[in-house]
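Summary of the model geometry
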Amino acid sequence: MASTVTTSKDPAATSRPGYGRLLRTRGAWTFLLPGFAARQPFAMLTLSIVLLVQHTTGSYGAAGAVAAVTGVSMALFAPYSGRLADRHGQRAVLVPGVLVHTVAGLALTALALSHAPLWALFAAAVPTGASVPQIGPMVRARWGVRLKGSPLMTTAAAFESVTDEFTFVVGPLLATALCTAVDPAAGLLTEAGLTLVGGLLFAAQKGTQPEAGRDGHARVEYVSALRVPGVRVLIVIFLGIGSVFGGMQVSLAAFTESIGEPGLNGVLYGVFAAGNMLSGIACGAIAWKAAPQRRLVIGYTALALTASALWTAHSALLLAGLGLLVGMCIAPALITGYTLVENLVPAGARTEAFTWLTGAVALGQAAAVTVAGQLEDRLWGGAGFLVPMAGTVLALLTLLALRSRLAAGPRGRAVTRGVGHREPVAVD
């Protein structure tokens, strides 16, 4: 009988969970700072496309459709990007990816400004979305390497959610300011430039990236994270979260224009993202006793209830308040979902698993942007807020029906069918 003990040599990894301990993890800042710069453009992309294309075409439907193609492309290609990163290393995927994304973003901008037909915008949107760098999942995978076997993993998941949401506070404000005060194309141009610089800086941090093609110390046969039943359930949950992001982006833009205050768009979306960020900070500071599956059910129920009230708001102040509540409900669901990945998926497939979830958010956002844009064009102002309600309620029903699949397998055994290796445990 063999004994395999998983330990961490980093004092921060074995201390009581907390942000201070987490940030003292050896080598963390070498990937956190460039990672933050590299993920900032992601928060600007969809809104920059919506504002640019709506300006050049006069249609929220067309703007939402182009943004949706970008999101769908990202959702479809992100898992393959994660799989390649697991197998060949993050740098090998990032460098060509950021170059392609920069060129594609510039091409989309040029086509929109030249009033190219809609099919041409769709054609440029495909590589723009497909090449979006998956910085968030890659940072989470690096935390997994640094904190293997540490109780700080939940804190790291919360910290990453807070970081994501901070970018969604800054990103929409920056995109709106650039598109409304400078030029409609300024947001997308800035996004492309930041992606290039930030992505290359992050790729240069080779010392902290997970070792390609390895899980712990043994080379393993790669099996897709999608074969883990719990990951498929989480994908549906994250699709619902994406519907909130997409529905809010289009509907807030339409609402603020209808009241003659387009500059409020970034402010209202920033309030929504700030709620997400603040609750994320709180989640990471709490020593949770409830099982993550139970926390996910409770948090997602609250999200569905608050998102269902958005369409009733008829003033900017009320919409800001509801948006803050919705944002506060999103972070717990995201953090718990990412924490469950650590329990359900072997280390050698986690980057792919994280990109499936990121891609699910993008796909849900893309569908929501499309549907909300059509509703805003065809029905009453604020009809697009029905999309977050529908998306979260359907996802909640799925969660309630399939929550048993989110339970981790017994320690020392294969996590689930199709995962052909064993994780290091205290006693095998």
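Heads up: these notes are all about the structure in this document. Just so you know, these numbers come straight off a predicted model, no measurement behind them.

Thresholds applied
Residues numbered from 1 in each chain as written. Predicted model: local features only at pLDDT ≥ 70, side-chain atom pairs only at ≥ 80, totals over all residues. Heavy atoms only, no water. Helix = DSSP H or I, 4+ residues; strand = E, 2+ residues; numbered from the N terminus. Buried < 20%, exposed > 50% of the residue type's maximum accessible area, 1.4 Å probe, protein only. Contact = heavy atoms within 4.5 Å. Areas by Shrake-Rupley, 256 points an atom, 1.4 Å probe, with all protein chains shown as cover. Axes fitted to C-alpha atoms, helices over the stretch in contact; angles between N-to-C directions. Parallel < 35°, antiparallel > 145°, perpendicular 65-115°, else oblique. Left-handed = near helix turned anticlockwise from the far one by under 90°. Nonpolar A, V, L, I, M, F, W, Y, C, P; charged D, E, K, R; others polar. Phe/Tyr/Trp six-rings, centres within 6.5 Å; stacked < 30°, edge-to-face > 60°. Patch = residues over 30% accessible without salt bridge, like charges linked within 9 Å, V, L, I, M, F, W, Y side chains within 5 Å. Salt bridge = Lys/Arg side-chain N within 4 Å of Asp/Glu carboxyl O. Core = buried A, V, L, I, M, F, W, Y, C linked by side-chain atoms within 4.5 Å. Expected span 1.5 Å × (residues − 1). Arc of directions from axis to C-beta.

1. Brief notes about the overall build of the chain
Counting its regular elements, the chain contains 15 helices and two strands. In the chain, which comprises 428 residues, the share counted as buried stands at 57%. Sequence-distant contacts, at least 24 apart, represent 82% of the contacts inside the chain between residues at least 6 apart. About 17000 Å² of surface is accessible on the chain, with carbon and sulfur atoms providing 66% of the total.

2. With respect to the packing of helix α12 (residues 292-307) against helix α15 (residues 386-402)
As a packed pair, α12 and α15 sit with axes 8 Å apart at the nearest point and diverge in direction by 155 degrees. If you check the angle between α12 and α15, you find them roughly antiparallel. In the packing of α12 onto α15, the handedness of the crossing is left-handed. For the pair formed by α12 and α15, the contact residues are Leu296, Val297, Tyr300, Thr301, Leu303, Ala304 and Ala307 on the first element and Pro388, Met389, Thr392, Val393, Ala395, Leu396, Leu399 and Leu400 on the second. For the contact of α12 with α15, the residue count by class is 13 nonpolar, two polar and no charged.

3. Digging into the side chain of Ser243
Tracing the backbone through its elements, the reader meets Ser243 in helix α10 (residues 229-258). A relative accessible area of 6% places Ser243 in the buried class. Beyond its immediate stretch of four places on either side in the chain, Ser243 contacts Gly364, Gln365, Ala368, Val387, Pro388, Gly391 and Thr392.

4. Topic: the packing of aromatic side chains
Scanning the entire structure with this criterion turns up four aromatic pairs. Pairing Phe31 with Trp143 gives two aromatic rings, centres 5.3 Å apart and planes at 80 degrees, and the pair type is edge-to-face. Within this pair, whereas Phe31 is found in helix α3 (residues 28-57), its partner Trp143 is found in helix α7 (residues 135-146), the two being separated by 112 residues in sequence. Both residues of the pair, Phe31 and Trp143, count as buried. Between the aromatic rings of Phe245 and Phe272, the centroid separation amounts to 5.7 Å while the plane-to-plane angle is 70 degrees, which identifies the pairing as edge-to-face.

5. Brief notes about a nonpolar patch on the surface
Among the surface-exposed residues, Val72, Leu76, Phe77 and Leu363 lie close enough to one another that they form a single nonpolar patch of about 330 Å² accessible area. In terms of residues, the nonpolar patch owes the most to one element, helix α4 (residues 60-88), which gives three residues. By secondary structure assignment, the location of Phe77 is in helix α4. Residue classification places Phe77 among the partly exposed positions, given a relative accessible area of 44%.

6. Details of the nonpolar core
Ranked by internal contacts, the top residues of the largest apolar core, which has 76 residues, are Trp143, Tyr300, Ile330 and Val345. With 14 residues, the top contributor of residues to this core is helix α13 (residues 316-344). Residues in contact with Tyr300, not counting those within four places in the same chain, are Ile237, Gly240, Ile241, Ala333, Thr392, Ala395, Leu396 and Leu399. Val50, Val66, Ala112 and Ala372 belong to the second largest nonpolar core, which has 24 residues in total.

7. Here's the deal with unusual backbone geometry
Positive phi, close to 55 degrees, is recorded for His115, a residue that is not glycine. In this structure His115 comes out as exposed when scored by relative accessible area, which is 58%.

8. Quick look at helix α14 (residues 350-378)
Spanning 29 residues, α14 covers 42 Å between terminal C-alpha atoms, matching the ideal 42 Å at 1.5 Å per step. Within α14, 21 of the 29 residues are buried, which leaves it mostly tucked inside the rest of the structure.

9. Brief notes about the environment of Met328
With respect to the element layout, Met328 can be found in helix α13. Classification of Met328 as partly exposed rests on a relative accessible area of 37%. Excluding residues that lie within four positions of it along the chain, Met328 makes contacts with Gly275, Asn276 and Ser279.

10. A closer look at the packing of α4 against helix α6 (residues 118-130)
Put simply, α4 and α6 touch, their axes get as near as 7 Å, and they point 35 degrees apart. Of the two elements, α4 crosses α6, and the hand of that crossing is right-handed. Here Ala62, Ala65, Val66, Val69, Thr70, Ser73, Met74 and Phe77 of α4 come into contact with α6, specifically with Leu118, Leu121, Phe122, Ala125, Val126, Thr128, Gly129 and Ala130. For the contact of α4 with α6, a count of residues per class yields twelve nonpolar, four polar and no charged.

11. Observations concerning α15
Compared with the 24 Å implied by 1.5 Å per residue over 17 residues, the 25 Å span of α15 between its first and last C-alpha is a close match. When we look at burial in α15, the residues that qualify are Val387, Pro388, Thr392, Ala395, Leu396 and Leu399. With its buried residues spanning 150 degrees around the axis, α15 presents them on a single face. Set apart from the buried face of α15 by more than 90 degrees, the exposed residues are Leu394, Leu397 and Ala401. The inward-facing, buried residues of α15 abut α10, α12 and α14.

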